[in-house]
Amino acid sequence: MAQILIENVRKEFGSFTAVQSSSFTVEDGEFFMLLGPSGCGKTTTLRMIAGLELPTSGQIRIGGEDVSQKPASQRDIAFVFQMFALYPHMNVRQNIRYPLISQGMKRREANARVEEVARILGITDILNRPVGGLSGGDRQRIALGRAIVRDPKCFLMDEPLGALDAEFREHMSHELRALHDRMGATTIYVTHDQLEAMQMGDKIVVMNHGVVEQFGVPQQIYDWPATMFVADFIGSPPMNFLRFHASLSHGDTHVGLGDHRCEIPQTRQGANGDLVFGIRPEHIRIRTEGGYRARVTATEYLGTTQIVMLDTAHGTLKARAPSGDPVQTGTTLGLDFDPRAVTLFDAKSTRALL
Ligand code: ATP
């Protein structure tokens, strides 16, 4: 079992706190994404799990065992970096075999393991080639091969596809996910790419400024963002925010945006003051009469859909509409919001209210 438990883990570098007290659980066999913008503390979190940094406080448990103060060598984890360093004087087979030989495994047994890993990764035909001159994809497969050959309890990957071009990156991400599904080892994968996180992950932790903003399955994070940061970071275009002022009671089912009444999911708490009405672009319907008033400022053609940029009394919006909808820049029209898809936030705390 390789469940990974992060409990109130915190990391300070001098007076700077890179990771605030963070908690989340990675279940055995999960493909788990650590997602957030540059500098939010993803790599530091991963390095603490690997044992390359020790937490200032808190506990890390792997398979039930407290490893918080143990060195990397005693954690049975493999680390795959973005900048994969291969040994240039060794061929592909020797590169993959290296961790086994340095652990003292017999050459014969090690070679059998390498053959097996090469089959999984589809690189059997290049095993005897020198690594210089191989493509980025092959080099990445070799780096992966070197990580999986030891058959560790878990894999930690820090933007492993970051150095590849977009098309190949997409291809490798499918390969990596398929590889995980075959091997079933717990994997934690760092990325700043929300789409990659949504497509690949069983679960996602979203971090910002060293804080865990939300932790859950991709759909939950997309549909029920816990904070405005998450709502804005996930989705393309991201969730729209309309700012308004209201006094809401527990159980309310409507809010007023100016004189327009919008249905919302029934509130579970009261709220008073500056609020934010959150709605994703695909949950806005454009109509010719009635509805919430908005002026079209621009449109962006995307093939089957178009993004319609709108100005309203409470802020700007982007709506995703079928391309066939006739929408003229400069005209005023009405909007409907899917009431089940509305999220309300407190403007000050930026936390979701519903
Ligand atoms: P990126 O995607 O850019 O790698 P990240 O989310 O992985 O970002 P971290 O590398 O974890 O972020 O860094 C978080 C913060 O901690 C950054 O502000 C970084 O400068 C700081 N930091 C990281 N390592 C150290 C260190 N050894 N000493 C001082 N500050 C550090």
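All figures in this text were calculated on a predicted structure; none of them were measured in a lab.

Draft legend 1. View of the overall build of the protein. A count of helical and extended segments in the protein gives 8 helices and 20 strands. By principal-axis analysis of the C-alpha atoms, the protein measures approximately 80 × 45 × 35 Å. For the protein, the residues scored as buried account for 35% of the 354 residues in total. Long-range contacts, defined here as pairs at least 24 residues apart, represent 64% of the contacts in the protein between residues at least 6 apart.

Draft legend 2. Up close: the site of the ligand. The ligand sits among Phe 13, Phe 16, Ala 18, Gly 36, Ser 38, Gly 39, Cys 40, Gly 41, Lys 42, Thr 43, Thr 44 and His 192. The set of elements that each furnish at least two residues to the shell around the ligand consists of strand S2 (16-26) and helix H1 (42-50). Of the residues assigned to the shell around the ligand, the class counts are 4 nonpolar, 7 polar and 1 charged.

Draft legend 3. Broad picture of the pairing of strand S18 (residues 315-322). As defined by bridge partners, strand S17 (residues 305-312) adjoins S18 across 8 bridges and the pair is classed as antiparallel. Residue Leu 310 lies in a different strand from S18, and its bridge partner there is Leu 317. Hairpin connection from S17 to S18: 2 residues lie between these consecutive antiparallel strands.

Draft legend 4. Quick look at the nonpolar core. Formed by 87 residues in total, the largest nonpolar core has its most connected members in Leu 34, Leu 156, Tyr 189 and Val 205. Shared between two domains, this core takes at least three residues from each, and those domains are domain 1 (4-229) and domain 2 (237-346).

Draft legend 5. Focus on the domain arrangement of the protein. What the domain assignment reports for the protein is domain 1 (4-229) and domain 2 (237-346). On a C-alpha basis, the centroid separation for the pair domain 1 and domain 2 is 39 Å.

Draft legend 6. Highlighting the sheet that holds strand S10 (residues 211-216). Taken in spatial order, the 6 strands line up as S6-S7-S8-S3-S9-S10 in an open sheet, and their pairing is mixed. Of all the strands in the sheet, just strand S6 (77-80) and S10 have a single pairing partner and so form its edges. For this sheet, the mean angle separating the axes of adjacent strands, direction not counted, is 15°. The sheet contact formed by strand S7 (residues 154-158) and strand S8 (residues 186-191) spans 5 bridges and is parallel.

Conventions adopted
- Residues numbered from 1 in each chain as written.
- Predicted model: local features only at pLDDT ≥ 70, side-chain atom pairs only at ≥ 80, totals over all residues.
- Helix = DSSP H or I, 4+ residues; strand = E, 2+ residues; numbered from the N terminus.
- Buried ≥ 20, exposed ≤ 12 C-beta atoms within 10 Å, placed from the backbone.
- Contact = placed C-beta atoms within 7 Å.
- Near = placed C-beta within 6 Å.
- Nonpolar A, V, L, I, M, F, W, Y, C, P; charged D, E, K, R; others polar.
- Pairing = 2+ DSSP bridges.
- Core = buried A, V, L, I, M, F, W, Y, C linked by C-beta atoms within 7 Å.
- Domains from an automatic or database assignment.
- Axes fitted to C-alpha atoms, helices over the stretch in contact; angles between N-to-C directions.

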